[in-house]
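Fold and contact review
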Amino acid sequence: MNEGLNPIDLIFDASPAVQLVFLILLTLSIVSWVIIVQRWLVLSAAQKGVLSFEQRFWSGMDLSQLYKEGTQMQQEDLQIVGMENIFRAGFKEFMRLRQQSSVDGEAIMEGAQRAMRVAYSREEEKLERHLSFLATVGSVSPYIGLFGTVIGIMNSFLGLATQAQATLQVVAPGIAEALFATAIGLFAAIPAVVAYNRYSSALDNVTSSYITFSDEFSSILHRQIHSN
Amino acid sequence: MNTPLNNLVIYNGYPLSIVIALVIHIMIFLTLLYLQSASEAQSLELVQPTVIKALFIDENPQLRNQQLREQRRVEQVEQQRRQEQQRQEAERLEREAQQQREAEQQRLAREQAALREREELERLRERAEREEQERLEAESQRRRQQEIAAEQERSRQQEAQRRRQQELAEASAAEAARTEFELVQSATALIQQAVQETWSRPPSARNGMRAVLQIRMLPTGEVLDAVITQSSGDPAFDRSAENALYRAAPFRELQSLPINVFNANFRSLSLIFEPEDLLN
């Protein structure tokens, strides 16, 4: 008669369908949190990488020297991120085409730019990997929670039908359990949506700085071709 | 480029992220557990009505008057006895004084007549002896009387004590009966409350309806069976009463009752269902 209703009991006393919903939502929540943290690490590393590489690039260092440093880092099994990859792809292609005397200046520029574009899209893809999962969790998990709620309320009304006398005590646990499903759905969705919005704006910043850099770098290369 | 952050981003930072995500969820789960324990601590319990033990110390004017009368009588007897004693003492003193006076006279007479003296002396001694004897007799009689009075007093006191003890025993028996009555009352109140909570009256219930259910119960508080001994005339009403009883059962509170109290009061019990608070 005096059973306290609390969240833990709600989870374990729920009907199998609602428990399945709880399980799905819990998994989604955990995975979305994994992605939130992992993306945060990747994106902040990319932002830091942009700053530090721009500093090195505009420090007046010789470009082939910069390229050699990168090669050395690769040999030391250090990860090369973001902007430096774009620079390396463009510079490599530029040097390779420059050594072939038959290729004219415009073709060299075109080749370098293409290489940079490929590297850029690879970098962008790396950065925005799994972000769409966050968007999916953010939009779908409230619906999953709602589904659990509907099933739970349906169950409690079915239970009510078998009772001769309708009291609140018969329906209340079922409805509480059902509402708890919605609560978990929102609990999974809210961080995912917030993180998705935040990370996509950070991604925009980083990719636009990549584009700016590749434009600047190609103008430098262009100058180098035409100065000779 | 070899920042601490890069060290965290080993394997693209997945291990760290998984650990953090799991920690977050486990923390939330623990918070829920904590809330549960907190809510369990303050979960409401069915409060058993406390048995209020009110001893009625009766102020019986008749009894009190009787006691007062008794006391007054004792005092009177005492006073009488004292007066008697005083009187006897006075008599004795007077007698002694007279004796002395007579002895004086005798001595004078002895001086007056030597011959007559011996006879007179003899006679006087005889009288003195007789009087002495008389006095002794009176003394012993008085003592006997005193003893009788003391005896009577003692027996009366014993009687009073016995009566008081008897009264005390009667009072304790009455008290036991009263606590049993209180137990029965509190258990009945619990049953009533439980049944009332589960009773939902049908729309056809009207004021003045009355259904009486004769129920038989086991000492475990379970209801063996219930029979409608007096129908309200409305089958729905009767059924609702019966349903309420079966849903309120078992009455686990009855387990705590002494078995004799249970047998005397709850083995068979009739419950009256009346919708008193309805407007129509």
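Residues numbered from 1 in each chain as written. Chains lettered and ligands numbered in written order. Predicted model: local features only at pLDDT ≥ 70, side-chain atom pairs only at ≥ 80, totals over all residues. Heavy atoms only, no water.

1. Structural notes on the overall build of chain B
Per the secondary structure count, chain B includes six helices and three strands. Counting from the amino terminus, helix and strand elements in chain B follow one another as α-α-α-α-β-β-α-α-β. Across chain B, contacts joining residues at least 24 apart in sequence account for 77% of those joining residues at least 6 apart. Just so you have it, chain B exposes about 20,700 Å², and 52% of that area is on carbon and sulfur atoms. (Helix = DSSP H or I, 4+ residues; strand = E, 2+ residues; numbered from the N terminus. Contact = heavy atoms within 4.5 Å. Areas by Shrake-Rupley, 256 points an atom, 1.4 Å probe, with all protein chains shown as cover.)

2. A few points about the packing of aromatic side chains
All names here are of chain A. Following the criterion strictly, the structure yields 15 aromatic pairs over all chains and no others. When the ring of F57 is compared with that of W58, the centres are 4.9 Å apart and the planes differ by 90°; the resulting orientation is edge-to-face. Taking the relative accessible area as the measure of exposure, F57 reaches 5% and is therefore buried. Owing to a relative accessible area of 46%, W58 belongs among the partly exposed residues under this scheme. Ring pairs connect the aromatic residues F53, F57, W58, Y67, F87, F91, F213 and F217, which therefore count as one cluster. Sitting above the plane of the Y67 ring, R88 keeps its charged end 4.5 Å from the centroid. (Phe/Tyr/Trp six-rings, centres within 6.5 Å; stacked < 30°, edge-to-face > 60°. Buried < 20%, exposed > 50% of the residue type's maximum accessible area, 1.4 Å probe, protein only. Lys NZ or Arg CZ within 6 Å of the ring centre and 35° of its normal.)

3. Remarks on helix α3 (residues 63-75) of chain A
All names here are of chain A. Helix length check: α3, at 13 residues, gives a terminal C-alpha distance of 19 Å against a target of 18 Å (1.5 Å per residue), a fit within 8%. Of the positions making up α3, those classed as buried are L63, L66, Y67, G70 and M73. All buried residues of α3 lie within an arc of 115° about the axis, which places them on one face of the element. Turned more than 90 degrees from where α3 packs its buried face, K68 and Q75 sit exposed. Looking at the packing, one finds that the buried side of α3 touches α2 (16-57), α4 (83-99) and α7 (168-227). Downstream of α3 by one or two residues, D77 has phi in the positive range, about 65°. (Expected span 1.5 Å × (residues − 1). Arc of directions from axis to C-beta.)

4. Overview of the sheet that holds strand β3 (residues 268-273) of chain B
Residues and elements named next belong to chain B. Strands sit in the order β2-β1-β3 across an open sheet of three strands; the sheet is antiparallel. Pairing within the sheet leaves two strands with one partner each, and these edge strands are β2 (223-230) and β3. With strand direction ignored, the average angle separating the axes of adjacent strands in the sheet is 25°. When strand β1 (residues 211-217) meets β3, the two strands line up antiparallel, connected through six bridges. The partner of Q214 across the bridge, within β3, is S270. (Pairing = 2+ DSSP bridges. Axes fitted to C-alpha atoms, helices over the stretch in contact; angles between N-to-C directions.)

5. Re a nonpolar patch on the surface
On the surface, F12(A), I18(B), L22(B), I26(B), F29(B), L30(B) and L33(B) cluster together into a nonpolar patch covering about 630 Å² of accessible area. In this fold, I18(B) is placed in helix α2 (residues 14-41). (Patch = residues over 30% accessible without salt bridge, like charges linked within 9 Å, V, L, I, M, F, W, Y side chains within 5 Å. Salt bridge = Lys/Arg side-chain N within 4 Å of Asp/Glu carboxyl O.)

6. Regarding the environment of G111(A)
All names here are of chain A. Looking at the secondary structure, you find G111 in helix α5 (residues 105-128). Distance in space between the C-alpha atoms of G111 and R96 is 9.8 Å, their sequence separation being 15 residues. Setting aside its immediate chain neighbours within four residues, G111 contacts E93 and L97.

7. With respect to the pattern of salt bridges
For the structure shown, the criterion picks out 21 salt bridges over all chains. Between R56(A) and E69(A) there is a salt bridge, with its nearest N and O atoms 2.9 Å apart. Residue R56(A) is found in helix α2, and its partner E69(A) is found in helix α3; the two are separated by 13 residues along the sequence. We note a salt bridge from R135(B) to E132(B), for which the minimum N-O separation is 2.6 Å. Placement of both R135(B) and E132(B) in helix α4 (residues 114-198) is noted, with a separation of three residues, approximately one turn of the helix. Residues participating in the shared-partner salt-bridge network are E70(B), R73(B), E153(B) and R156(B).

8. Points about the nonpolar core
Residue and element names in this part refer to chain A. Ranked by size, the top nonpolar core spans 54 residues in total, and within it F57, F87, Y210 and F217 carry the most contacts. Every element with two or more residues in this core is listed here: α1 (7-13), α2, α3, α4, α5, α6 (131-162) and α7. In terms of residues, this core owes the most to one element, α7, which gives 15 residues. Those residues in contact with Y210 that sit more than four places away from it in its chain are A46, V50, G82, M83, I86, Y120, E123 and L127. (Core = buried A, V, L, I, M, F, W, Y, C linked by side-chain atoms within 4.5 Å.)

9. Here's the deal with the packing of α5(A) against α7(A)
Residue and element names in this part refer to chain A. In contact at an axis separation of 10 Å, α5 and α7 are set at 165° when each is read in the N-to-C sense. Looking at the two axes, α5 sits roughly antiparallel to α7. For the crossing formed where α5 meets α7, the hand is right-handed. The segment α5 lies against α7, with G105, E106, I108, M109, A112, Q113, M116, Y120, E123, E124, L127 and E128 engaging L203, V206, T207, Y210, I211, S214, F217, S218, L221, H222, I225 and H226. Grouping the amino acids of the contact of α5 with α7 by side-chain chemistry returns 13 nonpolar, seven polar and four charged. (Parallel < 35°, antiparallel > 145°, perpendicular 65-115°, else oblique. Left-handed = near helix turned anticlockwise from the far one by under 90°. Nonpolar A, V, L, I, M, F, W, Y, C, P; charged D, E, K, R; others polar.)

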